[in-house]
Amino acid sequence: MILHGSLRRGFVATFITCALATLIMLLVAYSQPSFAMRERYLADYSASATVRQLFDSTATQLSAVTGINSTFNRTADGYANATFYTNFLLQNSSANVTGYASVLSGNFSGAASAVIAPSFSAISSGRVVVMSNTTAFFADYPSQSVGFEPAPSTTRTGMRNLSIYFSTAATLNESTAWSYDAGGDTNVTVRLVHAGGTVLANGLLNSSTAHYYWLNFSGSDKVMLYYGNVGSNMGVFRANSTAVSGILGASAILPYPNASAWYFNASLNVTKAAIRRNSKLFVWEGG
Amino acid sequence: MTGTTARRGFIFTLDALLAMGLALAVIGLLVPFSDTTSLPGHDELHVQRYTADLLMVLQRTGDVRRGLSGNTSALNASLSLTSAGKCFSFRALNMTTSETVFAVNKTGCSTVPATLASAVSNEYYNGQTYRLELLGWVS
């Protein structure tokens, strides 16, 4: 009787185990995505990749439209190097930006089978800004001014190094360099290439006091370089030209967390298939 | 004793049958997971992604801008570097009139099939925005 009872209990236990195992396997099987779902996933992924490429491509084209070229790299010691080049004197790119926005939302939306809604108004009124967490590069057409300033909601650019490059076909008559500060917090280098030769200057500047570097060319044509404070904003760099044409480059070395991403002050809203993305146009997203 | 042994044998046999049934059920349920066949459209998706990536590369390297300036040799060279067995056809069009400004086919890829992948982008050059199309297919 004891043996008989054990066998019956064994049978019941085996049966329940089998039933549970089968139930679990069935649940697992039904929780797996079907082929149709997997295809849908792949198709959505494809649309997602297309939208991402559209954002990258638009940011690249916007650089061409505005005439602001940029390169970025991460240094081994925890900093980011952001370099911007633009033609001096600045051309007003507002009409081109507006035209490019209408092409994107019009003809190109149809070609890309997507709904594209650009918001470029902030960079189509004579001033183009490319910004990071703490620092913004600006090109202001009305004032013929280019440089770095603190990003909105910050008061300090936080540059460790600033390199300024100006190349022109004009001949430099004379220059008045700024006075360096022995205990300055920013290492500033000026490199001028002009028809008569090259000028190189380097030293430390304090980001909270005003410094001017004048470059006088023929007649009354001047280029003014400024570094220091503007009101409560620290570490502002500006280059202004009265009538001297050339190429201006400005390179800033900033702590990587403050400059790990740079984007135009403009955004794009794209809807393609099931994918929708609305974000700023990034020219660099770290690396 | 004989009766008990027979009953025990019957239950052991039933147990074995249940185990066999369970094993078959497990095998049957696992077969779908061991699917190694290609998904329908998987190859096309691969070419689609390849095509989209290639168009981005052609733009980033400046090959498209050189093509718009009249020099298509860099574009030709870049297309010839793509994987053997994959064909590509590039066109730049006027955005408003849709007229072809210039077109380049990868060497040996003149016949365009009905089924192919495509990628579209745009390029701003000399004050004009051009529509770019790259078609890709497996030869």
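This section reports on the structure supplied with the text. Predicted, not measured: the structure shown is a model, and the values here were computed from it. (Residues numbered from 1 in each chain as written. Chains lettered and ligands numbered in written order. Predicted model: local features only at pLDDT ≥ 70, side-chain atom pairs only at ≥ 80, totals over all residues. Heavy atoms only, no water.)

**A look at the overall build of chain B**
Okay, so step 1: In terms of regular secondary structure, chain B is built from four helices and four strands.
Okay, so step 2: Each helix and strand of chain B, placed in order from N terminus to C terminus, yields the pattern α-α-α-α-β-β-β-β.
Okay, so step 3: Split into buried and exposed, the 139 residues of chain B put 34% on the buried side.
Okay, so step 4: Contacts in chain B between residues far apart in sequence, at least 24 positions, make up 61% of those at least 6 positions apart.
Okay, so step 5: Carbon and sulfur atoms form 58% of the exposed surface of chain B, whose accessible area is close to 7,800 Å². (Helix = DSSP H or I, 4+ residues; strand = E, 2+ residues; numbered from the N terminus. Buried < 20%, exposed > 50% of the residue type's maximum accessible area, 1.4 Å probe, protein only. Contact = heavy atoms within 4.5 Å. Areas by Shrake-Rupley, 256 points an atom, 1.4 Å probe, with all protein chains shown as cover.)

**Structural notes on the sheet that holds strand 1 (residues 69–74) of chain A**
All names here are of chain A.
Okay, so step 1: Reading across from one edge, 1-2-14-7-9-10 is the order of the six strands in this open sheet, with mixed pairing throughout. The two strands at the open ends of the sheet, each matched to only one other strand, are strand 1 and strand 10 (197–205). Here the strands of the sheet are splayed against their neighbours by 10° on average, with no regard to which way each runs. (Pairing = 2+ DSSP bridges. Axes fitted to C-alpha atoms, helices over the stretch in contact; angles between N-to-C directions.)

**Considerations on the side chain of A:S94**
All names here are of chain A.
Okay, so step 1: On the secondary structure map, S94 appears in helix 3 (residues 94–111).
Okay, so step 2: You can call S94 buried: its relative accessible area is 11%.
Okay, so step 3: At 2.8 Å, the side chain of S94 forms a polar contact with the backbone nitrogen of G126.
Okay, so step 4: Contacts of S94, omitting those with residues within four sequence positions, involve S124, S125 and G126. (Polar contact = N/O pair within 3.5 Å; in protein donor to acceptor, adjacent residues only side chain to side chain.)

**A few points about the pattern of salt bridges**
Residues and elements named next belong to chain A.
Okay, so step 1: If you walk through the whole model with that rule in mind, you get eight salt bridges over all chains.
Okay, so step 2: E285 is the partner of R52 in a salt bridge, and the nearest nitrogen-oxygen pair spans 3.6 Å. Of this pair, R52 sits in helix 2 (residues 35–66) while E285 sits in the segment after strand 16 (275–284), placing them 233 residues apart in sequence.
Okay, so step 3: Residue R52 is classed as partly exposed on the basis of its relative accessible area of 42%.
Okay, so step 4: The closest approach of N and O atoms between E149 and R127, which form a salt bridge, is 2.6 Å. A residue pair is termed long-range when its members are at least 10 positions apart, and E149 in strand 6 (residues 145–150) and R127 in strand 4 (residues 127–131) qualify at 22 residues.
Okay, so step 5: A relative accessible area of 27% places R127 in the partly exposed class. (Salt bridge = Lys/Arg side-chain N within 4 Å of Asp/Glu carboxyl O.)

**Focus: the pairing of strand 5 (residues 135–140) of chain A**
Moving residue by residue along a regular strand, the side chains alternate between the two faces of the sheet.
Residues and elements named next belong to chain A.
Okay, so step 1: Burial within strand 5 is extensive, with six of its six residues counted as buried.
Okay, so step 2: On strand 5, burial covers both faces: T135, F137 and A139 on one face and A136, F138 and D140 on the other are all buried.
Okay, so step 3: Linking two consecutive strands that pair antiparallel, namely strand 4 and strand 5, is a turn of three residues.
Okay, so step 4: For strand 5 and strand 6, the ladder comprises six bridges, and the chain directions are antiparallel. Bridged to A136 within strand 6 is E149.
Okay, so step 5: Between strand 5 and strand 6, which pair antiparallel one after the other, the connecting turn spans four residues, and Q144 there sits at a positive phi close to 45°.

**Looking at the state of the cysteines**
Residue and element names in this part refer to chain B.
Okay, so step 1: Counting across every chain of the model gives one disulfide over all chains.
Okay, so step 2: Note that C87 is cross-linked by a disulfide to C109, the S-S spacing being 2.1 Å. Judged by the sign of its S-S torsion, about -70°, the bond between C87 and C109 is left-handed. You can see C87 sitting in strand 1 (residues 86–94) and its partner C109 sitting in the loop between strand 2 (100–105) and strand 3 (117–125), a full 22 residues away along the chain. The two residues C87 and C109 agree in class, both being buried. (Disulfide = S-S within 2.5 Å.)

**Here's the deal with helix 4 (residues 73–80) of chain B**
Okay, so step 1: Among all positions in helix 4 of chain B, only B:A74, B:L75 and B:L79 are buried. Down the axis of helix 4 of chain B, the buried set is contained in an arc of 135°. They therefore lie on one face. (Arc of directions from axis to C-beta.)

**Comments concerning the packing of aromatic side chains**
Residues and elements named next belong to chain A.
Okay, so step 1: Under the definition given, this model contains 17 aromatic pairs over all chains.
Okay, so step 2: With a centroid separation of 6.3 Å and 85° between ring planes, the pair formed by Y256 and W284 is classed as edge-to-face. With Y256 in the loop between strand 14 (246–255) and strand 15 (262–272) and W284 in strand 16, this residue pair connects regions lying 28 residues apart in the sequence. Of the two residues, Y256 and W284, neither departs from the other in class, the shared state being buried.
Okay, so step 3: Stacked on the ring of Y256, the Lys or Arg R74 has its end atom at 3.7 Å from the ring centre. (Phe/Tyr/Trp six-rings, centres within 6.5 Å; stacked < 30°, edge-to-face > 60°. Lys NZ or Arg CZ within 6 Å of the ring centre and 35° of its normal.)

**Details of the nonpolar core**
Okay, so step 1: Counting 67 residues, the largest nonpolar core has A:F84, A:F120, A:F148, A:W178, A:L225, A:F237 and A:W262 as the members making the most contacts within it.
Okay, so step 2: B:L68, B:L75, B:V104 and B:Y125 belong to the second-largest nonpolar core, a separate cluster that totals 18 residues. (Core = buried A, V, L, I, M, F, W, Y, C linked by side-chain atoms within 4.5 Å.)

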